[in-house]
Amino acid sequence: MRNAERVHGGAGQLSKEILARRTEWKRVKLGSHAIVYRTKVGGDSFVVKEIRKDFADEEQVRLLGADMVAYAEQLNAAGVPAPVPLETCPIRYEDDDALYLVTIDPDVGDDVETHIREGEEGNCLRIVRDMLEIVGELFRQTTPTGTSELVIGIDPKPANFVRDHSRAMSYVDLMPPRFRKLGRPIVEYPEPKSRRGFDLAYFRHYDQRGLLEVLRTQLCRLRPSCRREFVGAIQEFAGAFGPRLTDHLREFPGTLFSTAATRRREEIVVGLPDDAMYPVRDIACQLAFEHPDRCSDETLQTIFDLSHFHADTPDPDRMNKAKRMLLEIVVDHPSRTAL
């Protein structure tokens, strides 16, 4: 933890008190754009998030903080439990002039990723069904009614859900605030550079079909051995929202791959476009389920890293490398029907 002095403006009393005791914070998580801490003040537990992006100035940070509060309030109004930040403020570190957005949030529990990765299988499924119950609240609100496009978006990774000691679950990822600001959806921060990048981000965060692709691949990444159960739970969930979702999952390349013969599997992988990050990941999860010795946790993570969405669509060269890795496993290990 850094000991540099801070310069901050607009901090409320709670923020000032917590910032003054920064050496007492306990780091909980290091994310791609944020560091998450937990601390106590007066017997109450709080979560502190330091969010770093290439912010232009402190005013931009303040506006983003206000958007995060608005997003949390909209999620709660939609039936999705989400802790509303108690205070937000900009922080600038004097030693390297790094500008952060700091949010002070209520502590509503621990993220469920570890429980899914390491917990008893029956408990994992209960957690997944609780997550799907929260996702279902958003799925009931589409724009316009009857389409698969959602009014409010989320990133349904298990690491973005937490539960407390009573097993009450909340959604806690407010950055970026995926709501429609002045009619335009916020998909990433900063916004993707190309129209195709925007469309891909919109699909995976504001479209029922994209959300289920994200959730399916993230769950199976954490615990490939439970893939059959995870996929079954998601298919059952999709059935409650009509044929658009069930048809999409049935025709999803990962689903087709799971029951295909070896030659057909090769054709599916070769035919994937450069931005098919979730089919690539889902196929990798299927291979990890079938051949954990050949598609290890390390190999699976490498394929996820290669297909990562950065500021725009996935890098074609990295995606091709990921597909080559899949093909090597397919050729070396004939298929067996698993799902």
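About the cut-offs
- For every chain, the first residue of the written sequence is number 1, and numbering continues from 1 along that sequence.
- Thresholds applied to this predicted model are a pLDDT of at least 70 for local features of residues and 80 or more for the giving and counting of side-chain atom pairs; totals over whole chains, interfaces and linings are not thresholded and use all residues.
- For side-chain calculations, the full set of non-hydrogen atoms in the structure is used, while hydrogens and water are omitted.
- In this text, buried Ala, Val, Leu, Ile, Met, Phe, Trp, Tyr and Cys residues form a nonpolar core when linked through side-chain atoms within 4.5 Å.
- Only protein chains enter the accessibility calculation, which uses a 1.4 Å probe. A residue is then buried if its area is under 20% of the maximum for its type, exposed if over 50%, and partly exposed in between.
- Only DSSP runs of H or I with at least four residues qualify as helices, and only runs of E with at least two residues qualify as strands; both kinds are numbered from the N terminus onward.
- It only takes one pair of heavy atoms within 4.5 Å for two residues to be counted as in contact.
- Convention adopted: a line fitted to C-alpha atoms gives each axis, helices being fitted over their contacting stretch, and angles between N-to-C directions are expressed from 0 to 180 degrees.
- Geometric relationships in this document are graded by angle, where less than 35 degrees denotes roughly parallel, more than 145 denotes roughly antiparallel, 65 to 115 denotes roughly perpendicular, and other angles denote oblique.
- Handedness of a crossing is defined here by the sense of rotation of the near helix relative to the far one, left-handed for an anticlockwise turn of less than a right angle and right-handed for a clockwise turn.
- All amino acids are sorted into three groups, where Ala, Val, Leu, Ile, Met, Phe, Trp, Tyr, Cys and Pro are nonpolar, Asp, Glu, Lys and Arg are charged, and the leftover types, Gly among them, are polar.
- For every residue, the pLDDT score states the predictor's confidence, bounded by 0 at the bottom and 100 at the top.
- Note on pairing: two strands pair once DSSP finds at least 2 bridges between them.
- Note on ring pairs: Phe, Tyr and Trp rings are taken, using the six-membered ring of Trp, and paired if centres are within 6.5 Å. Classes follow the plane angle, with under 30 degrees stacked, over 60 edge-to-face and the rest tilted.
- The directions from the helix axis to the C-beta atoms are what the arc is built from.

**Brief notes about the nonpolar core**
- In this structure, Leu-75, Ile-154 and Phe-161 are the most contacted members of the largest nonpolar core, which totals 73 residues.
- Among the elements that make up this core, the one with the highest residue count is helix H4 (residues 121-139) (nine residues).
- Discounting residues that sit within four places of it in the chain, Phe-161 has contacts with Asp-110, Asp-111, Val-112, Met-131, Ile-134, Val-135, Ile-154, Pro-156, Met-169, Ser-170 and Tyr-171.
- By size, the runner-up hydrophobic cluster in this structure holds 16 residues, among which are Ile-35, Phe-46, Tyr-100 and Ile-104.

**Observations concerning the packing of helix H6 (residues 208-222) against helix H8 (residues 243-251)**
- Look at H6 against H8: their axes get within 10 Å of each other, and the N-to-C directions meet at 45°. Compared by their axis directions, H6 and H8 come out oblique. Where H6 crosses over H8, the two elements pack in a sense that is right-handed. Contacts from Gln-208, Arg-209, Leu-212, Glu-213 and Arg-216 of H6 reach H8 at Arg-244, Leu-245, His-248 and Leu-249.
- Its residues assigned to classes, the contact of H6 with H8 comprises three nonpolar, two polar and four charged.

**Overview of the confidence of the model for the chain**
- For the chain, the mean per-residue pLDDT works out to 92, and 94% of the residues sit at or above 70.
- Confidence over residues 1-5 falls short of pLDDT 50; this stretch has 15 contacts with residues more than four positions distant or in other chains.

**Brief notes about the pairing of strand S2 (residues 26-30)**
- Taken across its five residues, S2 has zero buried, putting it largely on the surface.
- Sheet analysis places S2 next to strand S3 (residues 34-41), joined by four bridges and oriented antiparallel. Counterpart to Lys-26 in the pairing with S3 is Arg-38.
- Hairpin geometry of S2 and S3 is characterised by an intervening segment of three residues between the two adjacent antiparallel strands.

**Things to note about the sheet that holds strand S9 (residues 169-171)**
- The strand order across the open sheet built from three strands is S7-S8-S9, with neighbouring strands paired in antiparallel fashion. Pairing within the sheet leaves two strands with one partner each, and these edge strands are strand S7 (110-111) and S9.
- By the bridge criterion, three bridges tie strand S8 (residues 161-163) to S9 in an arrangement that is antiparallel. Paired with Arg-163 across the strands is Met-169, a residue of S9.

**Points about the packing of aromatic side chains**
- Evaluated as defined, the whole model comprises eight aromatic pairs.
- Between Phe-139 and Phe-237 the ring centres are 5.4 Å apart and the planes differ by 55°, which places this aromatic pair in the tilted class. You can see Phe-139 sitting in helix H4 and its partner Phe-237 sitting in helix H7 (residues 227-239), a full 98 residues away along the chain.
- Seen in terms of ring centroids, Phe-139 and Phe-241 are 5.4 Å apart; in terms of plane orientation they differ by 75°. Their pairing is edge-to-face. With a gap of 102 residues between them, Phe-139 in helix H4 and Phe-241 in the loop between H7 and H8 connect regions that are remote in the sequence.
- Judged by relative accessible area, Phe-139 falls into the buried class, the value being 2%.

**Remarks on helix H10 (residues 262-270)**
- Of all the positions in H10, only Arg-265, Ile-268 and Val-269 are classed as buried. The buried residues of H10 all sit within an arc of 95° when viewed along its axis, so they share a single face. Facing away from the buried surface of H10 by more than 90 degrees, the exposed residues are Arg-263 and Val-270.

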